[in-house]
Amino acid sequence: MTKISLRIATYNIRKALGNDRRRDPERTMRVIEALDADIVLLQEADMRLGLRPAALPAALFEGCGFRPVIFAHGRDSLGWHGNAILLRDSIELLTTAHIDLPGLEPRGAVMVDLRFEGRDISVIGTHLGLIRASRRRQLAALRAFAGHSQISARLVAGDFNEWSGLSHLAGLGPDFRVLPSPPTFHARKPVAALDRIALTDDFTLRDIRAVLTPEARRASDHLPLVADLTLKGAS
């Protein structure tokens, strides 16, 4: 049985609005490219008004080695409710899905089934609400959403908006373990581990870290969270 190395990143880009109050999509893309990840899950990747156009123009993806996943929702958005997924060009996309999440605020999630180096994996990106009662319902909805995939190797990542301990994220269910994470918010002085990655036992964690480069500290109010994983390969 071979083992596969996989790098996952999750990053709330705040619509490419930096801590210097400059909206700079090119800077945001530089931060993303420097992560050298295989799969990047973005939050706040779309603007709020109208058809919610993408905060990162399509031209920025030309020649960068990434491609955004297209979700069939009829909007000009990069993702769904601001949740977007970027893939290395070498990764095969099998299926896509997106849902609304319950709660007082408009929230959602996106899911892709992928084939990576001969192994199928299912990945969900999300941005949970600010109200804990809503987050509990949203975690239950994500657990059911993840169950729609027939793939055993599953991963959920995004801005979970939970300031307290991991016990408040148990609603994802026993199939997922939420990784202990370093603080990623606020980028200038990180004190809260709002950005999280949860995965099934198909994955082994090798390293997890917040990206503390000067440009990442300026580009958004969240720092990117990067995890290096090992996945059992096909026989």
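The present account deals with the structure reproduced in this document. (Residues numbered from 1 in each chain as written. Predicted model: local features only at pLDDT ≥ 70, side-chain atom pairs only at ≥ 80, totals over all residues. Heavy atoms only, no water.)

1. Some points on the environment of Pro 180
Mapped onto the elements of the fold, Pro 180 is located in the loop between strand S9 (177-178) and strand S10 (195-199). Separated by 28 residues in the primary sequence, Pro 180 and Ile 208 have C-alpha atoms spaced 8.4 Å apart. Residues contacting Pro 180, with those up to four places away along its chain left out, are Arg 196 and Ile 208. (Helix = DSSP H or I, 4+ residues; strand = E, 2+ residues; numbered from the N terminus. Contact = heavy atoms within 4.5 Å.)

2. Focus on helix H2 (residues 132-146)
The first and last C-alpha atoms of H2 sit 21 Å apart over 15 residues, in line with the 21 Å expected at 1.5 Å per residue. Listed in full, the buried residues belonging to H2 are Ser 134, Arg 135, Gln 138, Leu 139, Leu 142, Phe 145 and Ala 146. End-on view of H2: buried residues confined to an arc of 140°, all on one side of the axis. Of the surrounding elements, those touching the buried residues of H2 are strand S5 (92-101), strand S6 (107-116), strand S7 (119-127) and strand S8 (154-159). (Expected span 1.5 Å × (residues − 1). Buried < 20%, exposed > 50% of the residue type's maximum accessible area, 1.4 Å probe, protein only. Arc of directions from axis to C-beta.)

3. Description of the sheet that holds strand S11 (residues 203-210)
Strand order in the open sheet formed by six strands is S3-S4-S2-S1-S12-S11, and the pairing between neighbours is mixed. At either end of the open sheet lies a strand with only one pairing partner, and these are strand S3 (66-68) and S11. Neighbour to neighbour, the strand axes of the sheet diverge by 20° on average, direction disregarded. Of the pairings in the sheet, the one linking strand S1 (residues 3-12) to strand S2 (residues 39-43) comprises five bridges and is parallel in character. The residue of S2 that forms the bridge with Tyr 11 is Leu 42. The strands touched by helix H1 (residues 25-34) within the sheet are S1, S2, S3 and strand S4 (84-88), with S1 carrying the most contacts at an inclination of about 155°. (Pairing = 2+ DSSP bridges. Axes fitted to C-alpha atoms, helices over the stretch in contact; angles between N-to-C directions.)

4. Examining H1
Listed in full, the buried residues belonging to H1 are Pro 25, Arg 27, Thr 28, Met 29, Val 31 and Ile 32. On its buried face, H1 is in contact with S1, S2, S3, S4 and helix H3 (214-219). In the segment just after H1, Asp 36 is the residue with positive phi, at about 55°.

5. Notes on the sheet that holds S10
Within the open sheet, the six strands sit side by side as S5-S6-S7-S8-S10-S9. Their pairing is mixed. Either end of the sheet is taken by a strand with one partner, and the two such strands are S5 and S9.

6. Comments concerning the packing of aromatic side chains
Counted under the stated rule, the structure contains one aromatic pair. Aromatic pair Trp 163 and Phe 185: ring centres 5.9 Å apart, planes at 85°, arrangement edge-to-face. Remark: Phe 185 occurs in the loop between S9 and S10 and Trp 163 occurs in the loop between S8 and S9; sequence separation between them is 22 residues. Residue classification places Trp 163 among the exposed residues on the basis of a relative accessible area of 56%. For Arg 88, the ring lying beneath its charged end belongs to Phe 66, and the centroid distance is 4.5 Å. (Phe/Tyr/Trp six-rings, centres within 6.5 Å; stacked < 30°, edge-to-face > 60°. Lys NZ or Arg CZ within 6 Å of the ring centre and 35° of its normal.)

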